[in-house]
Number of protein chains: 2
Amino acid sequence: MSKRVTSQDVANLAGVSRTTVSFVLNDVKRFSIRPETAAKVRQAAQQLGYVPNASARALASNSAMAIGLIMTRNPQYIASDSFLPLIMGGMMDVVKQNQLGLLVEWVEPGQQLRAYMALTRARHIDGMILMTPRSDDTGLKALEDSDIPAVLMGYIPGLKLHSVDVDNIQAAKVAVDHLIELGHQKIACITNAATPYSSSSQRFDGYKQALAGAGLVFDPNLVRQADFDSHSGYKQMQSLLETNPDFTAVFVASDAVAIGAMLAIREAGLRIPEDISIVGFDDIPAASYVTPKLSTVHMPAKEIAQHSCELLLQLMRGEKPETKDISLPTHLKIRQSTAYLERRP
Amino acid sequence: MSKRVTSQDVANLAGVSRTTVSFVLNDVKRFSIRPETAAKVRQAAQQLGYVPNASARALASNSAMAIGLIMTRNPQYIASDSFLPLIMGGMMDVVKQNQLGLLVEWVEPGQQLRAYMALTRARHIDGMILMTPRSDDTGLKALEDSDIPAVLMGYIPGLKLHSVDVDNIQAAKVAVDHLIELGHQKIACITNAATPYSSSSQRFDGYKQALAGAGLVFDPNLVRQADFDSHSGYKQMQSLLETNPDFTAVFVASDAVAIGAMLAIREAGLRIPEDISIVGFDDIPAASYVTPKLSTVHMPAKEIAQHSCELLLQLMRGEKPETKDISLPTHLKIRQSTAYLERRP
DNA sequence: CATAAGTACTAACACGCGTTAACAATTCAA
DNA sequence: TTGAATTGTTAACGCGTGTTAGTACTTATG
């Protein structure tokens, strides 16, 4: 039905050349256009409902006006990521404000190197933001050497790539310190994901540092590794309870996992926080609504998303950002899942 | 550093013309290419790390190999949509399998008409999937008349657009029937969103039909309207409890909202399900982990996403799908938040 | 042997836009 | 009056690819 309207059509209707149309609509200041001519062009464009073709524009101007959000997890884990909506919501704001498109891409683990280069060359995007990067991702080194603007949502030491993250080590330490201050000595830990995910190993480090700082012994038997979702938290807590009946608190490095762990604790007939104190990480919306309300480390998800976008925009414009790595503040939200250690009968 | 590699470079290295390169790499069968020539071309492309430019390809072939996921909610609500990860996870599968890109777009309410046409014309995408459409969205009528492949994730009566959804009315009716079978007579309702969102009014209809079917009177005072997130559910339940202390069950048309409502109930000193039975809708992951576990209507989110994609793909290929509207089955998950009515003292 | 019918490839145009270099028209300075 | 400067506009090229129409060469056909 509706024929494609090109800038030529606008030019014809306005009685000018296609070049003039381009100058007017793109606001090219280097060439001065008579106001009445500009008005005529705008009027014609309006009347025809002209919208420039994104592909043609990208091809000619060598910029796609779009950025990529790259995820390397399995779709199954994407599906259970309570964090994704917060990130997307935060990105939408900036993206919309800057007239950008947002291309979501999932890269198969193992295919990273090939994929990053392909995305680059393909040029449907001008830059990319990498979610939950893994330290064993060989593609990141290749990205470093390329000239593609890229930002990591998550800090990996030793990389030249820019990043936005919180200080996971410190934040985890604060969370565990809280448990220690409450008198707990036997504190278990369930990580949020496999070690290669940077946030996982860093939060685990914070846990160990807190123990060390308080002179508590680190017991590997009190540690389990979960896998993003609540179900894994449930299973790992069951495992902990079976083998170690005597810990009185647990640091769980992700709220989604923690919520699963809480269920396992209740099913074991134990009370939170009377028998076991639990502190999470992320502060996803659900954390404020479970019973008891989950004490957790607040992650400024929206701010992370926004800063990532803006940092990427700077890189795309060729600017030199002040800092290579942006570290945003976290704070511990003490709610109802942590309490003073009571001597159990 | 890395210069852009074009098909011309590949042609030069392989000692053939650019056209031949195109034929080989795109597998054009209409023209026969000697196997050894094809091998030479592939070898050269491999060696140079050639990746076709997406924009140029889109421009020339008039197809962008990408689809759009359009959301019309505010970013603030996107951020609290526990459903989004499930949808995205489901779409990723199909999208990846078909070598498509996924462009996520947020359209400001009120700007729909202009935006849909712009997205069309812009041609960075070949088709679009509209999440949570609103029945008062005037842009949808315009979409109908255009020839842009589009699929609604959510059914709106009277539209020619294809859709994928569950039977919200029936599903809600089953949920409320469950409460009725448990002996409840005073059953409140909190909707999931404003009426124009199709799912909201449909689930509300199901609620009313169930009441009517059981000969129960419909009391408008027992109805509240929430706004997607848990906090709104919390507030609306508080409002319900203040003014109507005598209902014994509530149907909440979204789990996120229901989880907020549960908190309000507990804070009022009431027990679930002994004092108030509650049944939700959606079956988000958290529903299985709150206390008590939430009885709810299971939404096949992943399947909805996948069917939407595949339906859209059919439309993009110019095929005529068998049915205009796909309706997927739901089922009631009875867990722990619903129980037989006990006479309260 | 001449014609027809493949086979293997290429030159050339189109897609819609941004942009440079040039050109016509007007104004200004000498 | 002439040349230079300024203002307003456009012809023409390039971005990297898909695709049609055509060419040269080989093989079958009468």
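Residues numbered from 1 in each chain as written. Chains lettered and ligands numbered in written order. Predicted model: local features only at pLDDT ≥ 70, side-chain atom pairs only at ≥ 80, totals over all residues. Heavy atoms only, no water.

Turning next to the pattern of salt bridges. Residue and element names in this part refer to chain A. By the definition in use, this model includes 25 salt bridges over all chains. The salt bridge involving K208 is made with D205; its shortest N-O contact spans 3.8 Å. Separated by 3 residues within a single helix, K208 and D205 lie in helix α10 (residues 198–213), roughly one turn from each other. On the accessibility criterion, K208 (30% relative accessible area) is partly exposed. The exposure class of D205 is partly exposed, given its relative accessible area of 30%. (Salt bridge = Lys/Arg side-chain N within 4 Å of Asp/Glu carboxyl O. Helix = DSSP H or I, 4+ residues; strand = E, 2+ residues; numbered from the N terminus. Buried < 20%, exposed > 50% of the residue type's maximum accessible area, 1.4 Å probe, protein only.)

To continue, consider the sheet that holds strand β4 (residues 150–153) of chain B. If you trace the 12 strands from one edge of the open sheet to the other, you get β11(A)-β5(A)-β4(A)-β3(A)-β1(A)-β2(A)-β2(B)-β1(B)-β3(B)-β4(B)-β5(B)-β11(B), paired in mixed fashion. In this open sheet, the two strands that pair with only one neighbour each are β11 (325–328) of chain A together with β11 (325–328) of chain B. Strand after strand, the sheet turns through a mean of 20° between neighbouring axes, direction not considered. In this structure, strand β1 (residues 66–71) of chain B lies alongside strand β2 (residues 101–106) of chain B, joined through 6 bridges in parallel fashion. Of the residues in β2 of chain B, the one forming a bridge with L69 of chain B is V104 of chain B. (Pairing = 2+ DSSP bridges. Axes fitted to C-alpha atoms, helices over the stretch in contact; angles between N-to-C directions.)

So, on to the protein's contact with DNA strand C. Within the structure, DNA strand C sits among 30 residues, and S7, R30 and Y50 of chain A together with S17 and T37 of chain B are positioned closest to it. If you look at DNA strand C and keep only atoms within 4 Å of the protein, 56% of those are sugar or phosphate atoms. In this structure, R18 of chain A approaches DNA strand C through a side-chain N or O atom, which is 2.7 Å from a base oxygen. Within the side chain of N26 of chain A, a nitrogen or oxygen atom sits 2.8 Å from a phosphate oxygen of DNA strand C. Sorting the residues of the surface near DNA strand C by element identifies α2 (18–26) and α4 (54–61) of chain A together with α2 (18–26) and α4 (54–61) of chain B as the ones contributing at least two each. Considering each element in turn, the surface near DNA strand C owes the most residues, 5 residues, to α2 of chain A. (Near = heavy atom within 4 Å. Polar contact = N/O pair within 3.5 Å; in protein donor to acceptor, adjacent residues only side chain to side chain.)

A separate point is the relation of the copies chain A and chain B. Superposing chain A onto chain B takes a rotation of 180° plus a shift of 0.1 Å along the axis, which leaves an RMSD of 0.1 Å. Taken together, these values place the two copies in the relation of a two-fold axis. Both copies present the same face, since 100% of the interface residues in chain A are matched by interface residues at the equivalent positions in chain B. (Least-squares fit on C-alpha atoms with pLDDT ≥ 70 in both. Contact = heavy atoms within 4.5 Å.)

This next bit is on the sheet that holds strand β9 (residues 277–282) of chain B. Residues and elements named next belong to chain B. With mixed pairing, 6 strands are arranged side by side in an open sheet as β7-β6-β8-β9-β10-β12. The open sheet has two edge strands, β7 (223–225) and β12 (331–333), and neither has a second partner. For this sheet, the mean inter-axis angle between neighbouring strands, taken without regard to orientation, is 20°. Direction of pairing for strand β10 (residues 295–298) relative to β12: antiparallel, over a ladder of 3 bridges. Among the inter-strand pairings, V297 is bridged to a residue of β12, identified as L332. On the sheet, helix α10 (residues 198–213) packs against β6 (187–191), β7, β8 (249–252) and β9 and is oriented at approximately 170° with respect to β6.

Remember, this is a structural readout, not a statement about activity or role.
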